[in-house]
Structures are given as structure tokens and as C-alpha cells.
Amino acid sequence: MKIGIPRGLYFYVYYPLWYGFFTSLGHDVILSMPTNKEILNTGVSSAVDDICISVKVYHGHVKHLLGKKDVDHVFVPRIVSEDKYKYTCPKLAAMPDLIKSAFRKNEKKLLSVVMYMNQGKKALHEAFSEVGKKIGENDDRKIKKALKAGIELQDKATMCLRKEHNFLEVVSSIQNLDSLLEKPVKKERYTVALAGFPYDVYDGYMNGDVIKRLQDTNMRVVVTDMLEPKLYKHYTKYMIKDLFWHQANVAAKGGMYYMDSKDIDGVITISSFNCGISAVYEKLLDLYSKETGKPLMHIVVDEQTGDAGLVTRIEAFLDLIRVKRGDGLVAS
Amino acid sequence: MHRKITYTFPRMGYSYAAFESFFKILGYDVMVPDPSNSKTLKEGVSNSPQGMCFPFKILLGQFAKLLKENPDKYFKIVSLESYGPCRFGYYSPLYNKILEDMGVTNFEVVNVEGIYPPWYKGVPRFIKKLVKLVGWHAPWAGVRAFVIAGWKVYAVERLERKFYHLIPREKVSGSSEKAFNRAFERIHHAPNKVKSIKKILNEELKKMDQIDHIDDVELPKVGLVGEAYMLMDYSNNLEIEKKLAYMGVDIDRSLWVTNWTLDRLLKTKQHLKHMKEVNKGYLDFFIGGDGQESIMNTILYKKKGFDGVIQVLPFGCLPETAAKQILSNVSEDYDVPVLSLSFDEQTGDAGFVTRLEAFVDMLKSRREIKSKESKAKKAESVTTR
Ligand code: SF4
Ligand code: SF4
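Residues numbered from 1 in each chain as written. Chains lettered and ligands numbered in written order. Predicted model: local features only at pLDDT ≥ 70, side-chain atom pairs only at ≥ 80, totals over all residues. Heavy atoms only, no water.

Trainee: Before we go on, may I ask you to explain the overall build of chain A in this structure?
Mentor: Each helix and strand counted, chain A has 16 helices and eleven strands in total. For 332 residues, the compact-globule estimate of 2.2 N^0.38 gives 20 Å, and chain A sits close to it at 20 Å. In terms of its C-alpha atoms, chain A occupies a principal-axis envelope of roughly 65 × 40 × 40 Å. Taken over 332 residues, chain A has a buried fraction of 60%. Pairs at least 24 apart in sequence give 71% of the contacts found in chain A among residues at least 6 apart. Across chain A, the centroid of the 48 positively charged side chains sits 3 Å from that of the 41 negatively charged ones. (Helix = DSSP H or I, 4+ residues; strand = E, 2+ residues; numbered from the N terminus. Rg over C-alpha atoms; globule rule 2.2 N^0.38 Å. Buried < 20%, exposed > 50% of the residue type's maximum accessible area, 1.4 Å probe, protein only. Contact = heavy atoms within 4.5 Å. Lys, Arg positive; Asp, Glu negative; His and termini not counted. Charge placed at Lys NZ, Arg CZ, Asp CG, Glu CD.)

Structure follows, in C-alpha cells:
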């Protein structure tokens, strides 16, 4: 069978798990193509007006896969929680319902299941058994084996992230993560940290290719999802109380951790237009940047981020970083 | 310097009368923030993160004004919130940080959250918060304050319902409003005894009944659903209920302090049953805020014979925006017109009224068509006989 996986939202977190599971069961995984104009436009016209752009784009990816005749199912999970007492955004928790409401004719093709990512293997096993049943796999041994393969792959991906290989590299090396693990990371004179939800940080079409743009100017780029959560646990105190959403905590605390790190020159947040949750961690980082004096810049992804204005802003930010290090401006 | 503590809390609709009494009964000084004006809105908006919920911005502006105007006082801002499942759960840390950043320091925020897991930590934390909030009081004093405040909430809601019922039926325009305002003030300042509150309520209800009005009319019926604060705070939703009522509409609001508290905190059985049955296939999952309620109540209104539903939401509200997308399907499936109105600081009176009027006109003409159709059907069945 061919299982379509939309290249959006939690794809940028759990793709290894899903890939490992489905391929181990002998299915083909078909990804929607990286976001482009057409996907964006379809998304914008399918979803309700004032919803965040990331969710709109996701609609576009789903639609793209629904339109492919050879794709049997499109995988749209409902990810509810990721850490103890930390949940996902209401829109994410409503995702299958939103997708269903937008593409009612294709409801049958959607493959969705409720997933709690923090409740151990048993909960995952239950969820994936349900997925299995829906695609005609009732052999529990096979499900268990496939889930094991998925978890292994996910763990390996996490190791790659900890080694500062970003998630896009994980995606392109999904069949050979071992060699990615071995690959050394290039050191540069400057390092910029990106804080934000993985789907905003890694969708280059939407955010004006920030990662590539920075790397092209010889900046090392790190992302908050590379950090071991233990490292930033203590920032709860500054925040007075933990945020309710796991990914927002990662962005907020990870961002603060980077601000306190000597080898990080500046932090850029990347968030989605109309995302209310980012507003909270951005404010926290604003205040923290005031305290630490670490340069901070916000990029808000919307329907036309990649314009000239953004390029100028990034350049100005990089100049600021260079000046802070006592290096003069580089004529470019 | 020892400054006496003054309590304050988020102002919402007419319920402030009851919350005010609660603190007064316990013997504290209390001040209610003024309703929003363009200055408080501007201040709240410009100091909040841009994408933050509109209610947060509204309240921030109102608190900032109160605190700045009374620099000689020290405030305890009581923020009622839960640990999520929405941004609501993070209001108080942000008030703290932002007000401080604005240079306001004569306050502390006390957030009364529900008890959240893990239980062995949650329960003591809740008790600690309560003590921090009201101090060590003889338990009965607390209970008494709670009961009386509860009665006031109830009384005000009864009056409000009567008020909205009367407006489209009154013969002299404005007469019920006058009566309501007087009744509200009487409850607001009623002596703190259940008996007195009951007595005043009955008297005032009777007086309102005596207003010259026509009871026997068929009006278009509109149900209001949406995010709790926006829906319940008349001062920020541009008095949507009153406006609709003056347009000749029978309105019903789905969320009130009483039913909201009962349904949420006590999880009444009927509420849970409705949520499960009605939402099935639309929004099967609790997503926080009032999103699921909005869908449920829209369907229930249709089943009760309402002509249309208006969803009131703060711009960018997470659960309500999700609900908005799904409501368009509900509207189609159940053949019930739904108007979603998002509010932010730019929502002006003029465009707003036009949209309401257009919606009401549409409902009226739908009613006419329907009644003609049913008449035609009747006539048909007569002739065929
Ligand atoms: S967290 Fe923000 S960007 Fe993500 S789905 Fe929710 S509103 Fe959209
Ligand atoms: S329900 Fe809406 S307004 Fe309330 S906290 Fe959530 S997003 Fe904000």
C-alpha cells in the first residue's frame, strides 16, 4: 500500500517514527513535495481565514496527496501530548477534524488516530495497532516489530539532532542515519540559534530559506530541537510557570539557553502568522534578551515572507552580531 | 512603608457586582477596573505580544490604568485561570512580566487555578493559593462570601435574561433598559444577606414584568455561542445582545457564569452527554477553551428551533478558530445560518451593526419563505382532499 505523509506540522518531528513503522510493514511512504506556491495557495483556499499559516500549508499538503491516485491513505494523526502534562496547540489537537471538515469528499482516505507521545510504549502500541487495523494489518507481532523499528529510527534521529545535524538532514538521510551520525559538523566563526516550532523553522519555502541563507554566509545554525531538554529545565523559574504546550516550552527555554550560551552569537525566532502561541514565547524571549543583551530577531512566516525586506533584516542582524564580536562589517 | 492591600479582578459583564461583594464580605478593600475605553485598549494592545488573545490585551489595559491611577495603593490582582488547556493558563505570568516591564510595580498577581495534576502536588498548591488569596479566615466566612456572591451572580443573570427578553417586546423603547439598570444597581448594592437578595430580585422581576409590552409575538431567534469572555463581557463585545434585541430578535446566550462554572468544574452529566453525542463526527476531541461548546450549542440551538447562530470570538482565538472552520459544515448539514464575528481592537461600531443587520434581515426573510411554504403545503393538502 502507499501511505501519504503530508510534509507539514509534526512531520518535522515524528517522521522517522512514522517512516520506520510503515516501511517495516512493507508499505511505501509517499511524501508530499516540499511546500511550493501551489501547495500554499491550495492550503490558503481550503482552510478558514484567520487560522495560522502553518495549518493552512498543512491543508495544502494533505490536498496534494489526496489528489494522487496511487496514494491509498493520507496519514493525519492527532498528536495530543508530547511531555508530561504538556499538550499540543488546540488546532493540532483538532487536526483530523479540521482536515475532515475541509475535504469532506475524501474523508475515507484519511488515516487518523489519537496519539499520546509521552505515555510510553504501551500507549504508542495501542495507537499504532489502530493504525495497523485501518490498513488491514491485524498481526500483532508484525505491529510490534514495526513499532520497534519506528522507535529505533526516531531515537537515532534524536541522536543526530543532538549532534547538531538538523532535521532536514535527517529527512534526506532517513535510510542511512548511521552515516549521518558519523558525519562531522562544520564549525564556523559565528553561530546563530533558531527558536521556534520545527515546522516553521524547517519549511524553507515559507520562511525565506533562513537556514540556507545563514549557512551561505558562513554561519553555523543550531535549532532548539537539538537541545537535550535537561539542559534548559531550570528556566521554568524565570517563566514563573511552564507553558502548556511542549513545543512552546522547547522554543522558549531552548531560546533562553542559547541566549546564555557563550558560543551563540544571536537568536532568531521563527513563528507562524496568526499563531497565538508563539506570541507568548516571543514575549518571554524579548524580555530575556533585554536581560542578557543577546541579539534577538523575530521572523514571522506568512504568505509572502521571502521578500527583499526579510533579506535586509537578516543582513542587519548579522552585521549586529559581527560588530558585537568586535569584527568590522564585511563588505558583501 | 506599609500599604493596605486592595483587591482587583478581571471585569466581565455584569458579574463584577458579585465578585466585588465577595471581597467586601471578607472585609477587604476592592476596586473594579473600569470598562475598556480607547486608551486602555491602546495601552493593552501596544504592550501585549501582537498575536496574544484579545481578552488578555483588554484586561492588561484595564489593570494598567487602575494601577497607574492609584500609585498609593498596593494591589492583588486575582486572575482566575486554569492550567491550560489554552493560553488562558498563562495569563498571570505574563501580567506579571509585562506590567513590571512597563514600570508598574504596585501589584502582585494571585492566580487561582483549578487543581491540576499531579494531584499530590495540585491539592496542596490549590489550598496554598486560596490562603494567599483571602488569608486565614474562619472557613464559614469564606463559605458565606461564596454563597452570597453566588446568589448575586444568579440574580443578575435572571435580570439580564428578562431584560433581553423584554427589549424587542416593549412598547416604549428604552423602558426595560431603565428598569434593568435600576434593578442591577439594587442587586449590586444589596445588603449581604441571601434573604435580601432574593427579595430584591423578586420585586424587580415583578416590576419588569409590569413594563408595557406585547408578549404574544413571534420573533426570529438567534443563539449566541463562542469564547466565554468575549461572549459574556458586554462592554467589549459591543453589547451584541442588546443590539440584536433592539433589532427585534429573541436572543439566547449559551454561556453564563453559572452554567459555565457548573458544567466545567462539576462536569455535569447532561453537559458531558451532549458534548459526546452532538459533537460526534465534527470535533471529537477536547481542544480547550470553548470550541467544542460552540459546535455543540449551535446544533442544540437548531434542534430547539432557533433561526440562526452567531459565534463570538476574539481574533486569533485558537479553539474558536478551529471551531469556526468546522461550524461551516455544521451550518450546511443542519441548514442553520451561522455568522462568525471576530473581535479585536479595530472592530468598530458601524461595520459591526451593518453586519448584524444584514444577518437579521436574512433570517427574517428565511422565516417568511418558510412560513409561505408551509402555508402553501397546507393549502395543497386541503385542495387534494
Ligand atoms: S502552535 Fe501556532 S503555528 Fe502551530 S498549529 Fe497552533 S497556532 Fe498554528
Ligand atoms: S480560548 Fe481563545 S481567548 Fe481564551 S485563552 Fe484560548 S485563545 Fe485565548
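More follows now that the structure is in view.
Trainee: Where do I start with the overall build of chain B in this structure?
Mentor: Within chain B, the regular secondary structure consists of 15 helices and eight strands. Counting only residues that meet the buried cut, chain B has 54% of its 385 residues in that class. Here the analysis covers contacts within chain B between residues at least 6 apart in sequence; of these, 74% occur between residues at least 24 apart. Approximately 18100 Å² of chain B is accessible, and the part contributed by carbon and sulfur atoms is 57%. (Areas by Shrake-Rupley, 256 points an atom, 1.4 Å probe, with all protein chains shown as cover.)

Trainee: Even after reading the chapter, I still don't get the interface of chain B and chain A, so can you show me in this structure?
Mentor: It is common to report an interface's size as the accessible area lost on association of the parts. Contacts between the two partners involve 41 residues from chain B, matched on the other side by 40 residues from chain A. Here chain B packs against chain A, burying approximately 3500 Å² in sum over the two surfaces, 64% of which is carbon and sulfur. Counting every contact that joins chain B to chain A gives four salt bridges. We note a salt bridge from Lys324(B) to Asp50(A), for which the minimum N-O separation is 2.9 Å. At the boundary of chain B and chain A, one finds 13 residue pairs in polar contact (both at pLDDT 80 or more). Among the elements of the structure, helix H4 (91-101), strand S4 (107-113) and helix H14 (318-334) of chain B are those that each provide at least two residues to the side of chain B that touches chain A. At ten residues, H14(B) tops the list of elements feeding residues into the side of chain B that touches chain A. (Buried area = accessible area lost by both parts, 1.4 Å probe. Salt bridge = Lys/Arg side-chain N within 4 Å of Asp/Glu carboxyl O. Polar contact = N/O pair within 3.5 Å; in protein donor to acceptor, adjacent residues only side chain to side chain.)

Trainee: Where do I start with the environment of Leu201(B) in this structure?
Mentor: Residues and elements named next belong to chain B. Its location among the elements puts Leu201 in helix H8 (residues 194-209). On the accessibility criterion, Leu201 (3% relative accessible area) is buried. With 49 residues separating them along the chain, Leu201 and Lys152 place their C-alpha atoms 9.3 Å apart. Not counting chain neighbours up to four residues away, the residues in contact with Leu201 comprise Tyr154, Ala155, Arg158, Leu159 and Ile187.

Trainee: What am I meant to see in the environment of Lys262(A) here?
Mentor: You can see Lys262(A) is positioned in the loop between helix H14 (246-260) and strand S10 (266-272). Measuring from C-alpha to C-alpha, the distance between Lys262(A) and Lys294(A) comes to 9.9 Å, with 32 residues separating the pair along the chain.

Trainee: How should the site of ligand 1 be read in this particular structure?
Mentor: In the vicinity of ligand 1, the contacting residues are Cys52(A), Ser54(A), Val55(A), Cys89(A), Lys91(A), Leu92(A), Phe197(A), Tyr199(A), Ser272(A), Cys275(A) and Leu318(B). One chain alone does not account for the residues near ligand 1; they come from chains A and B. Going through the elements one at a time, helix H3 (53-66) and helix H4 (90-93) of chain A are the ones with two or more residues in the shell around ligand 1. Among the residues making up the shell around ligand 1, the classes are represented as eight nonpolar, two polar and one charged. Looking at which domains feed residues into the shell around ligand 1, each of domain 1 (2-170) and domain 2 (186-324) of chain A gives three or more. (Near = heavy atom within 4 Å. Nonpolar A, V, L, I, M, F, W, Y, C, P; charged D, E, K, R; others polar. Domains from an automatic or database assignment.)

Trainee: Would you mind going over unusual backbone geometry with me for this structure?
Mentor: With the exception of glycine, most residues fall at negative phi, and the peptide bonds are largely trans. All names here are of chain A. One non-glycine residue, Asn218, lies in the positive phi region at around 60°. Within the secondary structure, Asn218 sits in the loop between helix H12 (210-216) and strand S9 (219-223). The class of Asn218 is partly exposed, set by a relative accessible area of 46%.

Trainee: How should the sheet that holds S10(A) be read in this particular structure?
Mentor: Sheet strands pair by backbone hydrogen bonding; their relative direction is either parallel or antiparallel. Residue and element names in this part refer to chain A. Read across the open sheet, the four strands follow the order S9-S8-S10-S11; overall the sheet is parallel. Unpaired on one side and paired on the other, S9 and strand S11 (296-301) mark the two borders of the sheet. Across the sheet, the axes of successive neighbouring strands diverge by a mean angle of 25°, strand direction being ignored. The pairing of strand S8 (residues 190-196) with S9 spans five bridges and is parallel. Within the sheet, the bridge partner assigned to Leu194 lies in S9 and is Val223. This element, H14, spans S8, S9, S10 and S11 of the sheet and lies at about 160° to S8. (Pairing = 2+ DSSP bridges. Axes fitted to C-alpha atoms, helices over the stretch in contact; angles between N-to-C directions.)

Trainee: I tried to follow the nonpolar core on my own but got confused; where do I start?
Mentor: Burial of nonpolar side chains together is a common tendency in soluble globular proteins. Trp18(A), Phe22(A), Leu194(A) and Ile310(B) are the most contacted members of the largest nonpolar core, which has 228 residues in total. Counting residues per element, this core draws most heavily on helix H6 (residues 139-166) of chain B, which supplies eleven residues. Counting five residues, the second-largest nonpolar core is a separate cluster that includes Val225(B), Tyr301(B), Val309(B) and Val336(B). (Core = buried A, V, L, I, M, F, W, Y, C linked by side-chain atoms within 4.5 Å.)

Trainee: Can you walk me through the environment of Asp307(B) in this structure?
Mentor: All names here are of chain B. Turning to its location among the elements, Asp307 is positioned in the loop between helix H13 (291-303) and strand S7 (308-314). Once the C-alpha coordinates of Asp307 and Gly223 are considered, the two residues, 84 residues apart in sequence, prove to be 8.2 Å apart. Asp307 has contacts with Leu219, Pro220, Lys221, Val336, Pro337, Leu363 and Arg367, leaving out every residue within four places of it along the chain. Looking at Asp307, its side chain comes within polar contact range of the main-chain nitrogen of Lys221, at 2.7 Å. Side chain to side chain, Asp307 and Arg367 meet in a polar contact 2.8 Å long.

Trainee: What exactly am I supposed to notice about the sheet that holds strand S2 (residues 28-31) of chain A here?
Mentor: All names here are of chain A. Judged by pairing direction, the sheet is parallel, and its four strands sit side by side in the order S2-S1-S3-S6 without closing on themselves. Two strands in the sheet have a free side with no partner beyond their single neighbour: S2 and strand S6 (110-111). Sheet topology note: the strand S1 (residues 2-5)/strand S3 (residues 73-75) ladder contains two bridges and is parallel. Within S3, the position partnered with Gly4 by the bridge is Val74. Lying on the sheet, H3 is in contact with S1, S2, S3 and S6; it crosses S3 at an angle near 160°.

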